[in-house]
Protein chains: 2
Amino acid sequence: MAEKKNVLLVGAGGVGTMAAVSLEASGRASVTAVLRSNFASVSEHGFNIESVDYGSLKAWKPTNIAKQVPDVAQDNLPPFDYIVVATKNCPDVGPAVEEIIAPAITQGHTVIVLVQNGLNIEKPLIKTFPQNVVLSGISLIGVAEKGHGNIIHDYHDELIVGAFKNPNIGPDTARAAAAEFVEIYSTSGKVACEHNENVDFVRWRKLIYNASFNPISTITGMDTTRLRLAKTPIETLVKPAMREIWNAAKAAGHDIPEEHIENTIHIDPLEVYCKPSMLQDVEKGNYIEYENILGEPIREAEKLGVPIPTLKTLYGLCAALQWKTKEARGLIELEGSNLVPNEG
Amino acid sequence: MAEKKNVLLVGAGGVGTMAAVSLEASGRASVTAVLRSNFASVSEHGFNIESVDYGSLKAWKPTNIAKQVPDVAQDNLPPFDYIVVATKNCPDVGPAVEEIIAPAITQGHTVIVLVQNGLNIEKPLIKTFPQNVVLSGISLIGVAEKGHGNIIHDYHDELIVGAFKNPNIGPDTARAAAAEFVEIYSTSGKVACEHNENVDFVRWRKLIYNASFNPISTITGMDTTRLRLAKTPIETLVKPAMREIWNAAKAAGHDIPEEHIENTIHIDPLEVYCKPSMLQDVEKGNYIEYENILGEPIREAEKLGVPIPTLKTLYGLCAALQWKTKEARGLIELEGSNLVPNEG
């Protein structure tokens, strides 16, 4: 049997941890997970996982855990074959993904797998690591971390992987890296991992949900069930936002099937009262990744001359919420104080 | 000296109470204020008012207070000359203003003064009471009720009054009613009350603030100072919303001066951290009056072929917040329960 692949996981929340489970379950990869807020808890107790795909995993741990991204050159470590990045991606508040993973990259060897949403996330990575393959991972999993190390995985893990276009790397090399990763990820037979080379199409299609339900749930504080029961938000917000993404995708050359809009509205089971990840983030006081999910599609649409007014308004509101989170974290100092409110 | 005018005040919050103060201060009107949530408190202690125009008024009361709208026919009361309506106007959640005030109306006599924001608020009144003059009151006051009967009035009371067009009533009659009301309201010399017959112009102009800062503050939970300090919400939300109102007003024949937009952005003193009334309403768990402030201008703009996409998105978000308030008040019953949140 071939030597196990050496995998670094950065971002061991729900999505990342379930990726680690599948990679380890293959028997073909050893995962080093970089843990931050949940390091102490996982170090002592491991992860407690209730998974729709794997059942109950008590005190589960990957091969290694680490407190920070290893510096392979400085510490003379064996190179990582893959780095799976499953952190939130918030370039407006930094630090950037390419800075975070830089110490663990071996030039021309390490394959970077971005399991993150939105458009153009590969650009800074390819610029910083031009000789490394960068893979796109679009996850359709339903999972949340409820308290440190407690993973509730309630919707089947389905990962769509393909190589981002990189002019410095031959397409065969890139394709082979994607195919290998998909093969390892699929080995357990419990999850679905699809190799799809039409990376941009897959990313635009995912935006139908992410650029609509994510910000609208976040701004209103309503789960997707409530938005659907209230009806008006679906008609006046969700559908127009989805249609704008659909139009922009079409102008960019991606024919998303018409019925994908209606299907996406109804994708979350009504009885689950789904909170999209962005709403979970604001509720935890975390930053939201609205730049790649809204900002980049808006900029692409404007380049293509596609009107995208609903998304622009949602973008402005997300920017306002991000500012509030910064204020709550003490990054913004206000002068004066709250005096008397005004009648407007 | 002529007999005092018999005035009924419906809606004795900040705006209504300060109107009562000015009317009583004229010596030419006796006010009966209908109190609801603050009846017990005001009945016992009166209003405590800190007013930028009138100074400290301790235990102040109008001539009469009442627990409900008097039924003049049934109780054989003298007719009201004026009914000043300063309630919130939420036709989507009712009861309608015309139903509330019906028992106090004397047909062909009582002048109705709507001190309320938004467009087309007079339509149901004129339909229900075709022989009564309906006046428009646009208030530029800064005032809030902090706890029952405690009125903090921190920005000069300026009321703009004019008669709504009513095909059943001669313009001279309507104009005379407006002029008389303005004269009484102004008598104290402490406040400004202007007679302006260009009622629609005044209402559209007020919407520059009300259709932008009100919903945007409400949706983001940010006062107008924070919105300005955060900058992006002003550029991506407030200015586009104001511009849409400006465009719609122009198409409707109202030339609002160009600089009114920039002036309105800066109208609230930065050090005051102004919370527009709609934000105060959601914070108190009250309904918001988004139908007349957003819904009607949107419908007017669409009739006129003016694109108004920002306002439409804000409208949808306000509808979502209104639904949440209904749910919080127990008017919406949900099946199932919150299970596991989903990763979107």
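Note that this is a predicted model, so its numbers are computed, not measured. The numbers attached to residues start from 1 for each chain and follow its sequence in the written order. Written order determines the labels here, with chains lettered from A and ligands numbered from 1. Totals for whole chains, interfaces and linings use every residue, but because this is a predicted model, local features are given only for residues with pLDDT of at least 70 and side-chain atom pairs only at 80 or more, for both listing and counting. Only heavy atoms go into the side-chain values, all of them from the structure, while hydrogens and water stay out.

Asker: Help me out: how do you make sense of the overall build of chain A in this one?
Answerer: Note on conventions: DSSP H or I runs of at least 4 residues are helices, E runs of at least 2 residues are strands, and numbering of each starts at the N terminus. When helices and strands are counted, chain A shows 13 helices and twelve strands. In summary, chain A has a C-alpha radius of gyration of 20 Å against a globular reference of 20 Å for 344 residues, a match within 12%. Here the term buried applies to any residue with accessible area under 20% of the maximum for its type, exposed to any over 50%, and partly exposed to those in between, with areas from a 1.4 Å probe on protein chains only. Buried residues in chain A amount to 57% of all 344 residues. What makes two residues a contact is simply this: any of their non-hydrogen atoms within 4.5 Å. Long-range contacts, defined here as pairs at least 24 residues apart, represent 70% of the contacts in chain A between residues at least 6 apart. Element-wise, carbon and sulfur atoms account for 50% of the exposed surface of chain A, whose accessible area totals about 14000 Å². The positive charge centre, built from 31 side chains, and the negative charge centre, built from 42, are 2 Å apart in chain A. Note on method: radius of gyration uses C-alpha positions; expected globular size equals 2.2 Å times residues raised to 0.38. In short, Shrake-Rupley with a 1.4 Å probe defines the accessible areas, and a residue's cover is counted only from the protein chains shown. The charge count treats Lys and Arg as positive and Asp and Glu as negative. His and the chain ends do not count. To locate a charge, take atom NZ for lysine, CZ for arginine, CG for aspartate or CD for glutamate.

Asker: What should I look at first to understand the domain arrangement of chain A in this one?
Answerer: By a widespread convention, an interface's size corresponds to the accessible area lost as its parts come together. All names here are of chain A. By the assigned domains, chain A splits into domain 1 (5-197) and domain 2 (201-329). Taken over C-alpha atoms, the centre of domain 1 sits 24 Å from the centre of domain 2. Taken together, the 24 residues of domain 1 in the interface contact 24 residues of domain 2. Roughly 2000 Å² is buried in total at the junction of domain 1 and domain 2, and carbon and sulfur atoms are behind 53% of that figure. Throughout, the accessible surface (probe 1.4 Å) given up by two parts as they are put together, summed over both, is called the buried area. Counting the surface domain 1 buries against domain 2, the share from its top three residues, Lys88, Asn117 and Leu119, is 32%. Marked domain ranges trace back to an automatic or database domain assignment.

Asker: Any chance you could explain helix H5 (residues 171-186) of chain B here in plain terms?
Answerer: Count 3.6 residues to each turn of an α-helix, and residues three or four apart come out pointing the same way. All names here are of chain B. Across its 16 residues, H5 extends 22 Å between first and last C-alpha, which sits within 8% of the 22 Å expected from 1.5 Å per residue. Looking only at H5, the buried set comprises Ala174, Ala177, Ala178, Phe181, Val182, Ile184 and Tyr185. For H5, the angular spread of buried residues about the axis comes to 165 degrees, placing them on one side. By this rule the span expected of a helix is its residue count minus one, scaled by 1.5 Å. Relevant arc is that of directions from the helix axis to the C-beta atoms, nothing else.

Asker: I'm lost on the UniProt feature "domain: Ketopantoate reductase N-terminal" (unreviewed entry) in chain A in this one. Help?
Answerer: UniProt positions are given in the numbering used here, feature names are shortened, and annotations may be inferred rather than shown by experiment. Using the residue numbers shown here, the UniProt feature "domain: Ketopantoate reductase N-terminal" (unreviewed entry) corresponds to residues 7-165 of chain A. End C-alpha to end C-alpha, residues 7-165 of chain A measures 22 Å, and it is 19% helix and 35% strand.

Asker: What is the right way to read the sheet that holds strand S3 (residues 47-51) of chain A from this model?
Answerer: One key point about sheets: their strands pair by backbone hydrogen bonds, in either a parallel or an antiparallel sense. Residue and element names in this part refer to chain A. Spatial ordering of the open sheet is given by S4-S3-S10-S9, a layout of four strands whose pairing is mixed. Of all strands in the sheet, those bounded by a partner on one side alone are strand S4 (55-60) and strand S9 (142-145). Direction aside, the axes of adjacent strands within the sheet are offset by 10 degrees on average. Two strands make a pair as long as DSSP finds a minimum of two bridges between them. Where S3 lies against strand S10 (residues 150-155), four bridges are found, and the strand directions are parallel. Looking at the pairing, Asn48 lines up with Asn150 of S10. Orientation is described by lines fitted to C-alpha atoms, with helices fitted over the stretch in contact, and by angles between N-to-C directions that extend from 0 to 180 degrees.

Asker: Teacher, can you tell me more about the relation of the copies chain A and chain B here?
Answerer: Both copies of the chain are related by a screw-like operation: a rotation about an axis and a shift along it. Mapping chain A onto chain B calls for a rotation angle of 180 degrees and an axial translation of 0.0 Å; the resulting RMSD is 0.0 Å. Here the symmetry operator amounts to a two-fold rotation axis. For chain A, the smallest separation between a C-alpha atom and the rotation axis is recorded for Pro309(A), amounting to 3.0 Å. Of the interface residues in chain A, 100% have counterparts in chain B that sit at the interface too, so the contact is made through matching surfaces. When the copies are superposed, the least-squares fit takes in the C-alpha atoms of residues with a pLDDT of at least 70 in both.

Asker: Quick question: what am I supposed to make of the interface of chain A and chain B here?
Answerer: Every contact between the two is made by 59 residues of chain A and, on the other side, 59 residues of chain B. Both sides together, the interface formed by chain A and chain B hides about 4700 Å², and carbon and sulfur atoms give 61% of it. A side-chain nitrogen of Lys or Arg and a carboxyl oxygen of Asp or Glu constitute a salt bridge if their distance falls within 4 Å. Counting every contact that joins chain A to chain B gives two salt bridges. We note a salt bridge from Arg226(A) to Glu327(B), for which the minimum N-O separation is 2.8 Å. Whenever a nitrogen or oxygen atom comes within 3.5 Å of another N or O atom, the pair is scored as a polar contact, on the condition that within protein one atom can donate a hydrogen and the other can accept it, and that pairs from neighbouring residues in sequence are kept only if both atoms are in side chains. Counting every contact that joins chain A to chain B gives four residue pairs in polar contact (both at pLDDT 80 or more). Listing elements by their share of the side of chain A that touches chain B, those giving two or more residues are S9, S10, helix H6 (199-210), helix H7 (213-220), helix H8 (224-230), helix H9 (232-251), helix H11 (277-283) and helix H13 (309-328) of chain A.

Asker: Teacher, can you tell me more about the nonpolar core here?
Answerer: Nonpolar side chains tend toward joint burial in soluble globular proteins. Counting residues in each nonpolar core, the largest one holds 92 residues, and the members touching the most others are Leu294(A), Leu311(A), Leu294(B) and Leu311(B). With residues up to four places along the chain from it excluded, the contact list for Leu294(A) reads Ala211(A), Pro215(A), Leu311(A), Leu314(A), Tyr315(A) and Cys318(A). In these notes, a set of buried Ala, Val, Leu, Ile, Met, Phe, Trp, Tyr and Cys residues joined through side-chain atoms within 4.5 Å is what counts as a nonpolar core.

Asker: How should I be thinking about the environment of Glu327(A) in this particular structure?
Answerer: Mapped onto the elements, Glu327(A) comes out in helix H13. A residue is classified by how much of its surface remains accessible, and Glu327(A), at 22% relative accessible area, is partly exposed. Taking the C-alpha atoms as reference, Glu327(A) lies 27 Å from Pro309(A); in sequence the two are 18 residues apart. Residue contacts for Glu327(A): discarding those within four places in its chain leaves Ile332(A), Leu334(A) and Arg226(B).

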